[in-house]
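Descriptive analysis of the structure
Below, each chain spelled out in residue letters.
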Amino acid sequence: LHIAETASGQIMGFGYAFPALSGGVPHFHSDMVAVLPEYQRHGVGVRIKWAQRDEALRRGIALITWTYDPLPRHRSYELLAQAFGLDAARAAATGA
């Protein structure tokens, strides 16, 4: 669990990821990232995703999968794909 806070300790958002196996390959599965509306579109969600990546690498895990809700109107999926150097169409089709 990763929690993003302001300097004064107010929670801005959180991310939940857990270790998993797929075909015998260990990976982290990022199940959820949520950011309070007043902190959205300020990079908080992406910073949480980077923290999840750092955690995975510290544990020797090089693969992260995630779920994504395609219904919200904002472009968070495309922005995350861009931030992590993924092809958004491939990521949308494969979840990676």
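Up top is the structure.
Now for a description of the structure that goes with this document. Just so it is clear, the model here is predicted, and its values are computed rather than measured. (Residues numbered from 1 in each chain as written. Predicted model: local features only at pLDDT ≥ 70, side-chain atom pairs only at ≥ 80, totals over all residues. Heavy atoms only, no water.)

Digging into the overall build of the chain
Put simply, the rule is: In this text, helices come from DSSP runs of H or I with a minimum length of four residues, and strands from runs of E with a minimum of two, each type numbered from the N-terminal end. Relative accessible area decides the class of each residue, using a 1.4 Å probe on protein chains only: under 20% of the type maximum gives buried, over 50% gives exposed, and in between gives partly exposed. Areas reported as accessible are Shrake-Rupley estimates using a 1.4 Å probe. Residue values count occlusion only from the protein chains shown.
What the chain contains, in helices and strands, is three helices and four strands. Traced from its N-terminal end to its C-terminal end, the chain shows the element sequence β-β-β-α-β-α-α. With 96 residues in all, the chain has 27% of them scored as buried. Of the roughly 6300 Å² of accessible surface on the chain, 58% is carried by carbon and sulfur atoms.

Focus: the pairing of strand E2 (residues 11-22)
Rule in force here: The pairing criterion is simple: DSSP has to find at least two bridges between the two strands.
When strand E1 (residues 2-5) meets E2, the two strands line up antiparallel, connected through four bridges. Opposite His 2, over in E2, you have Gly 15 as the bridge partner. Joining the antiparallel neighbours E1 and E2 is a turn of five residues, in which Gly 9 adopts a positive phi near 95°. In the sheet, E2 pairs with strand E3 (residues 25-35) via 10 bridges, with the strands oriented antiparallel.

Side note on the pattern of salt bridges
Applicable threshold: Basic side-chain nitrogens of Lys or Arg form a salt bridge, by our definition, when they fall within 4 Å of a carboxyl oxygen of Asp or Glu.
Counted according to the given criterion, the structure contains three salt bridges. The closest approach of N and O atoms between Asp 54 and Arg 53, which form a salt bridge, is 3.6 Å. Classification of Arg 53 as partly exposed rests on a relative accessible area of 33%. For Arg 59, the salt bridge identified is with Glu 55, shortest N-O distance 2.9 Å. On the basis of relative accessibility, which here comes to 52%, the residue Arg 59 falls in the exposed class. Among the charged side chains, a network of salt bridges with common partners joins Glu 55, Arg 58 and Arg 59.

Shape is all these values report; function is a separate question.
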